[in-house]
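Here is what each chain is made of, one letter per residue.
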Amino acid sequence: MGVDGLYGRSGTFEHVIERINAAFSAVGDPDGPEVMRFPPGIGRWQLEKSGYLKSSPQLAGTIHSFFGGDREHRTMVELIEKKGDWTAGQKTTEVALAPAACYGVYPAIAARGPLPADGALVDVYTYVFRHEPSIDPARMQMFRQREHVRLGTADQALAFRKLWMERGQAMIGAIGLPFTVDVANDPFFGRTGRLLASSQREESLKFELLVPITSKEQPTACVSFNYHRDLFGQNFGVETASGEPAHTACVGFGVERIALALFRHHGFDPKAWPAAVRNVLGL
Ligand code: ZN
């Protein structure tokens, strides 16, 4: 689309994305998650409350718009015609871009009051934004995440993550992709970020399922398995039945990356993919 990391999608690509989502549903639906769908924009207050601006300000996106009158408008149009910087007149709106699909879930669940004893399980899917322009097609600025999010006690969150780590490996293996699973950290910002990243690794809070796409040496994270402890419970005020801050975990499938991995390993024509793979995906 003329900007690094922004892409249009073809019909074939979208069809594969749909089939990946269907495979995810086939595994996850029997758990009976509540389905929630949020737009790719979240409230700016949600981004502020989440803690994301503390840990990863370099990746966050906020939406700006024009708030001026006729005079400011004339100036803006003139600047655009002169190819000058017209954006100085733009002001922040109440909308920010979702950095992860699950960010919509925590405040929505918190607004209902304390969780029931068996916690909550939510299915989300949306476009997310990461400000990291790159020519690596597997590193997009806007892409979709399909997630299941578990909210409850620490035991409930950890049991959920363990289950999905097994399921994730089985699913990616079944579609014929080579993978490894490794402990990982989020790309936190600055000096505090380095500390956050090393404690995240030490406590094994994040695991990634990696598939070679553009490089064998540096495979791409296609699925992530995250335990947030009570970070979002604290930040958004999600409480367990006994009034403690809830612990949360999520599994996120990067559907574009999985599609790219399929094209990379099985070729550009899905009709020519191995029968076993086509069968699993219902292609
Ligand atoms: Zn998540």
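That block above? That's the structure.
Residues numbered from 1 in each chain as written. Predicted model: local features only at pLDDT ≥ 70, side-chain atom pairs only at ≥ 80, totals over all residues. Heavy atoms only, no water.

Draft legend 1. Fine view of the layout of surface pockets. By volume, the second largest pocket amounts to about 180 Å³. If one sorts the elements of the lining of the second largest pocket by residue count, helix 4 (residues 70–81) sits on top with 4 residues. Considered class by class, the residues forming the lining of the second largest pocket number 6 nonpolar, 4 polar and 3 charged. (1 Å grid on protein atoms, 1.4 Å probe; cavity = no way out; pocket = protein on both sides within 12 Å on 5 of 7 lines; lining within 4 Å. Points joined across faces, edges and corners; volume = space filled by probe spheres on them. Helix = DSSP H or I, 4+ residues; strand = E, 2+ residues; numbered from the N terminus. Nonpolar A, V, L, I, M, F, W, Y, C, P; charged D, E, K, R; others polar.)

Draft legend 2. Spatial organisation of the environment of Gln 90. Summarising the element assignment, Gln 90 is placed in strand 4 (residues 90–97). Residues Gln 90 and Glu 78, spaced 12 residues apart in sequence, show a C-alpha to C-alpha distance of 15 Å. Apart from residues no more than four positions distant in its own chain, Gln 90 is found in contact with His 64, Ser 65, Phe 66 and Met 76. (Contact = heavy atoms within 4.5 Å.)

Draft legend 3. A look at the nonpolar core. The biggest cluster of nonpolar side chains holds 68 residues, and the ones touching the most others in it are Ile 109, Leu 151, Val 223, Val 238, Ile 258 and Leu 262. A total of 7 residues in this core trace back to one element, the largest contributor, which is helix 9 (residues 255–266). If we skip the residues at most four places from it in the chain, Ile 109 touches Met 36, Leu 115, Ala 120, Val 122, Leu 151 and Val 238. (Core = buried A, V, L, I, M, F, W, Y, C linked by side-chain atoms within 4.5 Å. Buried < 20%, exposed > 50% of the residue type's maximum accessible area, 1.4 Å probe, protein only.)

Draft legend 4. Examining the packing of aromatic side chains more closely. Tallying each qualifying case throughout the model produces 11 aromatic pairs. Where Phe 13 meets Phe 263, the ring centres are 5.9 Å apart and the plane angle is 15 degrees; that geometry is what we call stacked. Of this pair, Phe 13 sits in helix 1 (residues 11–28) while Phe 263 sits in helix 9, placing them 250 residues apart in sequence. Phe 13 sits in the buried class, given a relative accessible area of 11%. Consider the rings of Tyr 106 and Phe 236, whose centres lie 6.0 Å apart with planes at 20 degrees: the pair is stacked. You can see Tyr 106 sitting in helix 5 (residues 105–110) and its partner Phe 236 sitting in helix 8 (residues 231–236), a full 130 residues away along the chain. The positively charged end of Arg 167 is found above the aromatic ring belonging to Trp 164, 4.8 Å away from the centroid. (Phe/Tyr/Trp six-rings, centres within 6.5 Å; stacked < 30°, edge-to-face > 60°. Lys NZ or Arg CZ within 6 Å of the ring centre and 35° of its normal.)

Draft legend 5. Structural detail: the coordination of the zinc ion. Within the protein, Cys 102 (SG), Glu 147 (OE), Glu 147 (OE) and Cys 250 (SG) serve as the donor atoms for the zinc ion, at 2.2 to 2.8 Å. Every donor counted, the 4 donor atoms about the zinc ion form angles of 50 to 127 degrees at the centre, which fits irregular coordination. All donors of the zinc ion belong to a single chain; written as a sequence motif, their spacing is C-x44-E-x102-C. Separated by 103 residues along the polypeptide, Glu 147 in strand 6 (residues 142–152) and Cys 250 in strand 10 (residues 247–254) bring together distant segments of the chain. Comparing Glu 147 with Cys 250, the two get one shared label, buried. (Donors = N, O, S within 2.8 Å, 3.2 Å for Na, K, Ca; no water. Tetrahedral: all angles 85-135°; square planar, octahedral: opposite > 155°, others 65-115°.)

Draft legend 6. Up close: the sheet that holds strand 1 (residues 34–35). The sheet built from 7 strands is open, its strands ordered 1-5-6-10-9-8-7 with mixed pairing. The sheet is open, and its two borders are formed by strand 1 and strand 7 (180–183), each paired with just one other strand. Strands strand 5 (120–129), strand 6, strand 8 (206–211), strand 9 (220–227) and strand 10 of the sheet are contacted by helix 9, whose axis makes an angle of about 35 degrees with strand 10. (Pairing = 2+ DSSP bridges. Axes fitted to C-alpha atoms, helices over the stretch in contact; angles between N-to-C directions.)

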